[in-house]
Every structure is written in C-alpha cells, then in structure tokens.
Protein chains: 2
Amino acid sequence: MKRDANTPQSDQDRLTIALIESIANQVRAAIESGDLPKIRMPTRGLENVTYDRAAGYLELGAMEKVRALTVNTARSFAQMLRLMAASRAMVKSNDFATKREAYYISKNWGDCRFDEQAESDAIMDDIEAIASRQSLSRENLRFYPEAHGGSVAGRLVVIDRNVLTGETIEIDCAKLGSGAYSIPRSAEQLNFRTDARFILAIETGGMFQRLNNHRFWESAQCIIVEMGGVPTRATRRFIRLLSDKHDLPVYCFVDCDPYGFTNIYRTLKAGSGNAAHLNRFLCVPRARFLGVSPQDIIDFGLQDATHPLTPVDIKRAKDALGNDPFIIAHPQWSAAIKQLLEMGVRAEQQALAKWGLNYVIDEYLPRKLAKVSEFLP
Amino acid sequence: MKRDANTPQSDQDRLTIALIESIANQVRAAIESGDLPKIRMPTRGLENVTYDRAAGYLELGAMEKVRALTVNTARSFAQMLRLMAASRAMVKSNDFATKREAYYISKNWGDCRFDEQAESDAIMDDIEAIASRQSLSRENLRFYPEAHGGSVAGRLVVIDRNVLTGETIEIDCAKLGSGAYSIPRSAEQLNFRTDARFILAIETGGMFQRLNNHRFWESAQCIIVEMGGVPTRATRRFIRLLSDKHDLPVYCFVDCDPYGFTNIYRTLKAGSGNAAHLNRFLCVPRARFLGVSPQDIIDFGLQDATHPLTPVDIKRAKDALGNDPFIIAHPQWSAAIKQLLEMGVRAEQQALAKWGLNYVIDEYLPRKLAKVSEFLP
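All figures in this text were calculated on a predicted structure; none of them were measured in a lab. (Residues numbered from 1 in each chain as written. Chains lettered and ligands numbered in written order. Predicted model: local features only at pLDDT ≥ 70, side-chain atom pairs only at ≥ 80, totals over all residues. Heavy atoms only, no water.)

(A) Inspection of the overall build of chain A at higher detail. Looking only at helices and strands, one finds 14 helices and 17 strands in chain A. With the C-alpha coordinates aligned to their principal axes, the bounding extent of chain A is approximately 75 × 50 × 35 Å. The burial tally for chain A puts 60% of its 377 residues in the buried class. At a minimum sequence separation of 6, the contacts of chain A that also span at least 24 residues come to 75%. Element-wise, carbon and sulfur atoms account for 51% of the exposed surface of chain A, whose accessible area totals about 14,500 Å². (Helix = DSSP H or I, 4+ residues; strand = E, 2+ residues; numbered from the N terminus. Buried < 20%, exposed > 50% of the residue type's maximum accessible area, 1.4 Å probe, protein only. Contact = heavy atoms within 4.5 Å. Areas by Shrake-Rupley, 256 points an atom, 1.4 Å probe, with all protein chains shown as cover.)

What follows is the structure in structure tokens.
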C-alpha cells in the first residue's frame, strides 16, 4: 500500500535528511580511511543546562560528548545509525513513530535489537539533541510523543492537509459546539488563521468546558486551550507555534498553588531540566500568569473557599524560592510565593464558583483582562 | 448576563424538573401534615450490585434506603435538597457543574456548606441513583464529569448546537486533518449522521494517531475513538449513544494483558461495581473484543515482541478467573485468560510495529475484521 505519494517534502524535511546523511557520510569516510568513526553530540545532563534570562527558558549548554566505535560501543553505535536510518525513512514516506513504536521496530534488527525501551529512548534523545543544534525538532525527525495534546476552541481556523491527497483542510475551532479540536501529536505542518487577541491556556478540563460551553472566547476574542494539568509536549508545541506565527500573547489560568506556579506555568513558559534540548521548541517565554494569584484570593474574596497548604505544597514552594532559577530570576514570583506561604492556603480556579458558576466569566476574567500589565511574569 | 434564552427545554429536561419537584412536594407535604419528611433512594453499595447476563452489565439491584429528617441528618437532608435545587436551576438555565464546582457552590450555603468534596459527591451519587430509576442520567441532572472524553475521527458528522443562539452546528470528523474531535463532557444533546459500518475503540493515543494520520477509517468505513486507557465516563457515554442511535457494532482494540481485558474492555462493556447506577447509561454491552488476543500473539508472530507477565498481571488474571462475574459468565474469556497465563507473556498493540509501522493497517486489522464472528465476547 503506497502512501503519501502526493506530499511534497518541506524545507525542514530536506534539512533533516541532509543532517542524517552528513553524519552517515562522516562515519563512512572514517571507516574508508581506516579510522574508527565517532559521532559528536551535546551532553544532555543537568550539568549542561542553564537558565538564560534573555532567552527566557532552560537551555542546553555547549558541552559535548563523543560516541566512538569501540568493542564496547559497537551495539549502541549501530543502534544509533539504525534509528537515524529509520528517521530518514519516515521523513521520506511522511510517516512517524512514537517512542514505543521505535522500540518495537528494532525487534527485527537481530543483534541490534533494543532489550528495553529505556535504551532506545536514550539514543533517540541523543539524536534529538544533535538535531536541535540545527533547529530541527523531534517532530522533524518524525519521533512523535505518545500523549496527545489538549483541547482547543475559539476564534481560530487550523489549516491542515489530507495526508493522502495533499488537499487543504480547514478546521474552524469556533464551530465545534460543545466539543473541541484535539491537538495532534505533531503540529509542525499546521498553519493558522485567526483574529484572536490572545491565547488563554487553562489548567483544568472543567474550567475549559465552562468557558467553551458559554462561548467565552467569542466576546473575549480569544482562543482557549485546555492543558489538563502539566501541558504535554504536543500542547506546548501547538501554543508556541500559534503564538509565534500570529504574535499572540499567552495568558495562563491555573490553580493558585505551588504546583500550578512551578510545574504547570513554569513548564509552559521556561521548560524543564529534563530533555532541555527540546525547550527551544516547546517553551513559550512570552507566557504571562493571569491567575489565580495569591492576591486574587484577597481581591476576589475567596478566603473561605481555600484549602490549607499541604506539607508537599510548602516543600515545593520553599524549593522554588531557594533553587528554581526561573523563580529566582523574577522577584515578583518570589514575593508571590512568599505571600502564599504567609497566607498558608491554596485556591483552585474552580473556587470562583463560590460566587456563582459563571462569576468567572462575568466578573473574574473581565476584571483580570483589563489589567494585563499586572500579570505575574 | 442572561444566557441560553433561545434554548428550548428537552423532554429529558422536563422529566428532570418534574422528578425534583415531585420529591420537593413530598417533603413539603410531609412537613405540612406534621410528619418528618423522608426520601427513598437505591442502596449504592456492592451488596446491591448484580451482573445480569441478559442485560450485559453490572446493575443496581432493588434494595433501598431511606434518608429521614432527624436531628442527626438535618444537615445532610438540607444539603440534598439544596443540591437538587441547584440541579433544577441548572436545567432551567441550561448550565452544568462539575463535581468540584458543585462542592464550591455550597460555600455560600452557610451552615449547609460541604466541608469536603467527599460529602457532596456522596449526596450527588444518591440523587443520581434516584434519577437513574427514571432513566435520567447524571448529565440530565447537569452534573458533568471533570474529565473530558477521548478523541474521535472518521466517517461521522456530529450535530450539536450553538448554546447561545440555538443554531445548528455540524462537525465533520472526516475533515479534521491530523487533529480530531474532542468529546465533550456531556453528549446528551448530540445527534449524528454517519455511513460507518462500525466503531473502533482504541486503547492508546499512539495507535489512534497512526490510524488517523493514515486515514484508516476512510477505507475501513468506520469511526475511530481514542480511549486513552480506561475510558472516561464521557467517552463511554459518547460511544454508547452513537452505537445506540445508529445501530453500530463496537470493536475494542487494546493491549493483550489482564489490565486491557478486565479493566479497559470490561469497563467499556459491562461497567464497574462503583457507581453501578450509572452503568445503564454508560455501558456498551454490544462491544466485542477485536484484539490483541492471546491467540493473536501466535497467529501474528509476536512472540519475540512480548514481555513477561508481571506479578500484578498474574494476580489480576487469577482474580478475574475466580471472582469477575463478567469473565465467569463467558467461558471464552476464561479460556483466553488461562491461555495467556500459560504463555506467561503480554503484548501491546504497538508490538505489531515489529513487522513495520503500518503492518497494523495493511495486515492485522483487515485480517481481524474479516472474521468478526471470532472476536471474544
């Protein structure tokens, strides 16, 4: 069964193939001149991760390691070449593989086969790190994340194409009723048309459904995205691409607790130390924190709809104050976290329902959106 | 801000309001005649749950309990009436609340307020159990689940409406590109148009993305639904309504392991003992198990892409053989689970990638779908 015959290769596809072929050619040249081949790649450990305040995210430093072909590395060296060959084949056939699938593909590689997915993941991360230096993402390599993205609704037309015929497909995210657009695992090929003024990234599914069912995005002239806790890579990449292509501000609406600040919001904005080579593609440095902020608990009278901070909350808050380069770089965040610790409570975004189910739509969001400059950074 | 003025009430809405008003009238009548009011409701414990092979799902039995107004129950009695009043108000305004929101609403109820969500959940379950006797679902009461549904693609047009204007909205799930339709938290108001021959319910997001990106549903003439592990209530309700309204078979495509059989598949088909009053709305008794079956591991040469059963797998399998009324009622399932225990391995649906990424599309699914009558029940 022949697939994707009508799909032209993109510039990114050509760059990806060129990168893989250039590494392969170096390996072959070394062998032909009687040398042991080696492949240089960025070091991926935390010792090579820095927070650059100007860039606004955690990024990989300049440290490199070398994988040379020796008796001990023969198997992993061969696996790396085979995975790169698989990547090249997928670019050519316009296909993709999840990390799990890539692991299973190797079951037919004889002695080269991976015994555990941890092995294939580590080698895939190395290949991704090499590609990231050329501004090529893991999706360009056709390694897709397992988890899909969140839901989207609002003033946005997504422009995709039929992968079999090449025909253009337009999805109007204002015409999905009570449902929504489910973000695909790779957003690289998408384009957008929108008259939205901003993107609202929402922590919980319940709040997303409320804002969608009441078509909040219509009058507020925005796009709403459900993160569902810490946003998946697919969600982060989608928000980043959409924000970049249409110069859209991104406002984050999450629970008022240390997890919401330092895990959900911080991951969206500045990324994580894990897989730091991906942050340049995934992070949204322009994101701002709409709420719920500690001050909101006071300003919107939520004191009796809060819960006490748990020991885990308190530890997370103190760790952030002491160790998190993003928090330390932003005094306003340190002040907000200290304020929360003094108050001793946390508040969920759904706590606004205390004043009525749609208080969030009628009062909270309009008042907040009138003072964007006061959002936490 | 007035909402939903144009939305006519449905028959279900009228029945829901009538039920709530009839209970309220009984309470008032008792008080006016000097009696202590009481409310009868189904017992929700496991002792009142049975598996009816003819119906095909775990259902609530006939046992009842009575909540009478006493000094000790004054608070919970009042909470129950207030939650029913909130439900009636939401039906009238065409709104809804998640369980979490319903808990927060009570923060303005003075002495009636819930201290913990567990309290409001239990009372909500009682109200749902009463309503279920009248064939009214929790969504009819406007209590929506927190978790959204899975993704959908394929030969299906979903017919919804603009909740503000009443205007009809049609979503063509064949025209969403690499994205998909995200199932809303309530599917009650949806209608469908389809020429599909069946619904394929898929365990993993990765497999869903593969079948969607290659538009498997086009040639196979079907609708694909991503369950993402054990399907959420929203996903189960959506599949059930779609299957009922268009008389569509439902085939389940999950991993070959005890969790896939007894948690994912069994939950979709026969429900769970928890919240058994919901099973009549959520279960899909006509669902059949496409695979991956233990016999598939042999028939499709997957032996070297399997993993050993873990102790948890073995315990789950033995529990199912000894205690699960659904498994016990189906000798074919008992035989299949015994076969898996003898083989000592499990296989994921992505293990088919051993034969090439699209072997599942080109070989596995066509061969299985040619022999539907051999699917496990």
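Now that the structure has been shown, we can carry on.
(B) Fine view of the relation of the copies chain A and chain B. Take chain A, turn it by 180 degrees, move it 0.0 Å along the axis, and it overlays chain B with an RMSD of 0.0 Å. Those values place the two copies in the arrangement expected of a two-fold rotation axis. Most of the interface of chain A is mirrored in chain B: 100% of its interface residues are interface residues there too. (Least-squares fit on C-alpha atoms with pLDDT ≥ 70 in both.)

(C) Molecular detail of helix H8 (residues 258-270) of chain A. Residues and elements named next belong to chain A. A rise of 1.5 Å per residue sets the reference length of H8, with its 13 residues, at 18 Å; its end C-alpha atoms lie only 16 Å apart and thus fall more than 12% short of the reference. By the criterion of burial, H8 is predominantly enclosed, with 11 of the 13 residues buried. What H8 keeps buried is the set Pro258, Gly260, Phe261, Thr262, Ile264, Tyr265, Arg266, Thr267, Leu268, Lys269 and Ala270. In the segment just after H8, Gly271 is the residue with positive phi, at about 80 degrees. (Expected span 1.5 Å × (residues − 1).)

(D) Here's a closer look at the pairing of strand E14 (residues 250-253) of chain A. Residues and elements named next belong to chain A. Judged by which residues are buried, E14 turns out to be covered on both faces: Val250 and Cys252 on one side and Tyr251 and Phe253 on the other are all buried. Two elements, strand E12 (residues 198-202) and E14, share 4 bridges in a ladder whose sense is parallel. Looking across to E14, one finds that Ile202 is bridged to Phe253. Summarising the sheet, E14 and strand E15 (residues 288-291) pair through 3 bridges and their orientation is parallel. Note on E15: the bridge partner recorded for Tyr251 is Arg288. (Pairing = 2+ DSSP bridges.)

(E) Spotlight on the packing of helix H2 (residues 74-93) of chain A against helix H4 (residues 117-132) of chain A. Residues and elements named next belong to chain A. Running from N to C, H2 and H4 cross one another at 60 degrees; their axes reach a closest spacing of 10 Å. In this structure, H2 meets H4 at a crossing whose hand is right-handed. Along its contact with H2, which presents Arg75, Ser76, Gln79, Met80, Leu83 and Met84, the element H4 presents Glu119, Ser120, Ile123, Met124, Asp126, Ile127 and Ile130. (Axes fitted to C-alpha atoms, helices over the stretch in contact; angles between N-to-C directions. Left-handed = near helix turned anticlockwise from the far one by under 90°.)

(F) Main features of the domain arrangement of chain A. Residues and elements named next belong to chain A. Looking at chain A, the domain boundaries give domain 1 (11-144) and domain 2 (151-374). Looking at the side of domain 1 facing domain 2, the largest losses of area belong to Tyr51, Tyr57 and Leu58, adding up to 29% of the total buried there. In this assembly, domain 1 and domain 2 are joined by 0 salt bridges. The tally of links from domain 1 across to domain 2 stands at 6 residue pairs in polar contact (both at pLDDT 80 or more). At the level of secondary structure, the elements contributing two or more residues to the side of domain 1 that touches domain 2 comprise strand E2 (49-52), strand E3 (57-60) and H4. Taken together, the residues of the side of domain 1 that touches domain 2 sort by class into 10 nonpolar, 6 polar and 8 charged. (Domains from an automatic or database assignment. Buried area = accessible area lost by both parts, 1.4 Å probe. Salt bridge = Lys/Arg side-chain N within 4 Å of Asp/Glu carboxyl O. Polar contact = N/O pair within 3.5 Å; in protein donor to acceptor, adjacent residues only side chain to side chain. Nonpolar A, V, L, I, M, F, W, Y, C, P; charged D, E, K, R; others polar.)

(G) Fine view of the interface of chain A and chain B. Each partner contributes residues to the interface: chain A has 64 residues there, and chain B has 64 residues. Counting across the chain A and chain B interface gives 10 salt bridges. Counting every contact that joins chain A to chain B gives 34 residue pairs in polar contact (both at pLDDT 80 or more). Mapped onto the side of chain A that touches chain B, the elements with two or more residues apiece are strand E5 (97-98), helix H3 (99-105), strand E8 (156-161), strand E9 (168-172), strand E10 (180-182), helix H5 (205-213) and helix H14 (359-369) of chain A.

(H) Looking closely at the sheet that holds E15 of chain A. An order of E15(A)-E14(A)-E12(A)-E13(A)-E7(A)-E10(A)-E10(B)-E7(B)-E13(B)-E12(B)-E14(B)-E15(B) is seen for the 12 strands of this open sheet, with the pairing classed as mixed. Where the open sheet ends on each side, the last strands, each with one partner, are E15 of chain A together with strand E15 (288-291) of chain B. Strand-to-strand, the axes of this sheet are offset by a mean angle of 30 degrees, without reference to chain direction. Here strand E12 (residues 198-202) of chain B pairs with strand E13 (residues 222-226) of chain B via 5 bridges, running parallel. Its bridge partner lying in E13 of chain B, Ile202 of chain B is registered against Glu226 of chain B.

(I) The arrangement of the pairing of strand E7 (residues 151-154) of chain B in detail. Residues and elements named next belong to chain B. Of the two faces of E7, the one carrying Ser151 and Ala153 and the one carrying Val152 and Gly154 are both buried. Across 2 bridges, E7 lies against strand E10 (residues 180-182) in antiparallel orientation. Bridge assignment links Ser151 to a residue of E10, and that residue is Ser182. In this sheet, E13 lies alongside E7 in antiparallel orientation, the contact comprising 3 bridges. For Gly154, the partnering residue across the bridge sits in E13 and is Ile223.

(J) Focus on the side chain of Lys354 of chain B. Along the chain, Lys354 of chain B falls in the loop between strand E17 (345-346) and helix H14 (359-369). With relative accessibility at 6%, the residue Lys354 of chain B sits in the buried group. Once residues lying within four places of it in the same chain are set aside, the contact partners of Lys354 of chain B are Tyr104, Lys107 and Asn108 of chain A together with Gly301, Asp304 and Ala305 of chain B.

(K) Inspection of the packing of aromatic side chains at higher detail. Tallied over the full model, the rule gives 34 aromatic pairs over all chains. Aromatic side chains Phe261 of chain B and Phe289 of chain B sit 5.5 Å apart centroid to centroid with 85 degrees between the ring planes, which places their arrangement in the edge-to-face category. Of this pair, Phe261 of chain B sits in helix H8 (residues 258-270) while Phe289 of chain B sits in strand E15, and the two are 28 residues apart along the sequence. In this pair, the class of Phe261 of chain B matches that of Phe289 of chain B, namely buried. Connected via pairs of aromatic rings, a cluster forms that spans Tyr51, Phe261, Tyr265, Phe289, Phe326 and Trp333 of chain A. Arg210 of chain A extends its terminal NZ or CZ atom over the ring of Phe96 of chain B, reaching a point 4.6 Å from the ring centre. (Phe/Tyr/Trp six-rings, centres within 6.5 Å; stacked < 30°, edge-to-face > 60°. Lys NZ or Arg CZ within 6 Å of the ring centre and 35° of its normal.)

(L) View of the sheet that holds E8 of chain A. All names here are of chain A. Read from one edge of the open sheet, 3 strands run E9-E8-E11, paired in antiparallel fashion. A single partner strand is all that each edge strand has here, and the edge strands are E9 and strand E11 (191-194). Looking at each pair of strands side by side, their axes are set apart by 25 degrees on average, direction ignored. Pairing between E8 and E9: 5 bridges, direction antiparallel. The residue of E9 that forms the bridge with Val158 is Ile171.

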